[in-house]
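Coordinates in review
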Amino acid sequence: MAFNINFRALEWLPAKAGCALRAAEINREGQWEMAEGDNPNGVNRRGMLKTSGTAALLAAVQQAFPSGAFAAGAGPEVTGAKLGFIALTDAAPLIIAKELGFFAKYGMPDVQVAKQASWGATRDNLVLGSAGGGIDGAHILTPMPYLLTLGAIGKATPMSILARLNVNGQGISVSKEYLGAKADLSSAKMKGVIAQRKGAGKKITMAMTFPGGTHDLWIRYWLAAGGIDPDKDVELITIPPPQMVANMKADTMDAFCVGEPWNDQLVAQQLGYTAVSTGQMWMNHPEKSFAMRSDWVAKYPRAAVAITAAVLEAQRWADNPGNITRLAGAIAGRDYLKCPITDIADRLQGNFTMGDGRKYPNAPFKMKFWNGYASFPYKSHDLWFLTENQRWGKLPMSLDTKGAIAKVNRSDIWRKAAAMLGGKGPASDSRGVEKFFDGKTFDPANPKAYLASLAIKRA
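The rules behind the values
- Residues numbered from 1 in each chain as written.
- Predicted model: local features only at pLDDT ≥ 70, side-chain atom pairs only at ≥ 80, totals over all residues.
- Heavy atoms only, no water.
- Salt bridge = Lys/Arg side-chain N within 4 Å of Asp/Glu carboxyl O.
- Helix = DSSP H or I, 4+ residues; strand = E, 2+ residues; numbered from the N terminus.
- Buried < 20%, exposed > 50% of the residue type's maximum accessible area, 1.4 Å probe, protein only.
- Axes fitted to C-alpha atoms, helices over the stretch in contact; angles between N-to-C directions.
- Parallel < 35°, antiparallel > 145°, perpendicular 65-115°, else oblique.
- Contact = heavy atoms within 4.5 Å.
- Nonpolar A, V, L, I, M, F, W, Y, C, P; charged D, E, K, R; others polar.
- Pairing = 2+ DSSP bridges.

1. Considering the pattern of salt bridges
- Tallied over the full model, the rule gives 23 salt bridges.
- Of the charged contacts, one joins aspartate 231 and arginine 220 as a salt bridge, the two residues approaching to 3.0 Å between their closest N and O atoms. Of this pair, aspartate 231 sits in the loop between helix H9 (214-225) and strand S9 (235-238) while arginine 220 sits in helix H9, and the two are 11 residues apart along the sequence.
- In this structure aspartate 231 comes out as partly exposed when scored by relative accessible area, which is 37%.
- A residue is classified by how much of its surface remains accessible, and arginine 220, at 5% relative accessible area, is buried.
- The partner of aspartate 412 in a salt bridge is arginine 410, and the shortest N-O contact between them spans 2.8 Å.
- Taking the relative accessible area as the measure of exposure, aspartate 412 reaches 33% and is therefore partly exposed.
- Judged by its relative accessible area of 24%, arginine 410 is partly exposed.
- Sharing partners across several salt bridges, the network here consists of Asp216, Arg220, Asp229, Asp231, Lys394 and Arg458.

Written as structure tokens, this is what we have:
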């Protein structure tokens, strides 16, 4: 375990805290160490103290600064919240923020990070809220806060997106039965096998993780771009991410779309291959978000900024190449992903072995948490997700998308949190025109033109 320390803040530690600090120093034989991969010239001049002295030091800092060593003015209104996550690599920012003490650093030492069984369970627990035995916020599929706010997936529960957790890092994997088809960016290569199997009376089943969620939209886009109707030519079913590989092993489906590390694990177990990593479909596409119930954010606005700042610092740490091995080790355990470290680390490092002979070392489409404003919740990206859900009939065409985004997307909180780290966001809440692998473009100023360009749709 490692903990970030502001050495200037430690100069003001009271005597009792200083004793704990000295004990921590003694445990490390008086030597401070910079963590491998950390930049000593970073915005916060971050230093890391390794292993045995960390607990004593963390306790000292918390005692001396109950509102956080970095707090300026009034601290958070509360010291904790209950957050949910699904066993996926892109949950790393929440896990790291807890494991490395970033929540405590920003005055939120009592934040809990609790594993959820499925995205459906995440939805249900967000509706309950922590007061009802549920959760206050979560690592979540970006469309879900909108679907919850609009009451499209159950009881209407207003949600606020505070940050994007990552870009890229999902995959569409295919059973080894389709190795001969050599499916890749082109799903059309599967048409012959699909026709053959259907002709033999076999049902073509493909899985995603939640209707209307990111994985649902990625596999739909990929199939439709190759002329395969996701509602008519195949059957799409819902499977929780950690159960994808087991279901493929049981031969219950032909393909699935899910986040890492489950695509890499499928390859490692020689059960199939990755047809496409989603960053190949749309480079640096938005993926998961960090969202909280809007009533919690309204009640505790300073805490919302503090908890977001902790997540942002964890994202910055996670995107440091020198930290990947420690990152994979931190999230691989039983309490988190319960997965071999190599299944996580390979693709985080950008080394993609697809399982059909293709290999991409140093792939530019690897998962990113921070660099290139990966963490910023662009409103233009939220509009794309809403438009795609309209495309497939999951949201009405009459929806006031601009109004919905104004309610749910809290890029203002992200900017306040980033300022606590000494940074700032992009100049605009729009990333502009986006281009996809099939030549389609999405102009956030004209989503109707994008819809009109798509051949297969329900809208």
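2. Things to note about the packing of helix H4 (residues 92-99) against helix H14 (residues 301-318)
- One can describe the packing of H4 onto H14 by two numbers: an axis separation of 8 Å at closest approach and a directional angle of 105°. Regarding the angle of H4 to H14, the classification is roughly perpendicular. On H14, the residues touching Pro93, Leu94, Ile96 and Ala97 of H4 are Ala310, Val311, Ala314, Gln315 and Trp317.
- Per-class residue counts for the contact of H4 with H14 are eight nonpolar, one polar and no charged.

3. Focus: the sheet that holds strand S5 (residues 137-141)
- Within the open sheet, the five strands sit side by side as S4-S3-S5-S12-S6. Their pairing is mixed. A single partner strand is all that each edge strand has here, and the edge strands are strand S4 (112-115) and strand S6 (159-164). Averaged over all pairs of adjacent strands, the angle between their axes in this sheet comes to 30°, without regard to strand direction.
- Bridge analysis of S5 against strand S12 (residues 288-293) gives five bridges, and the strand direction is antiparallel.

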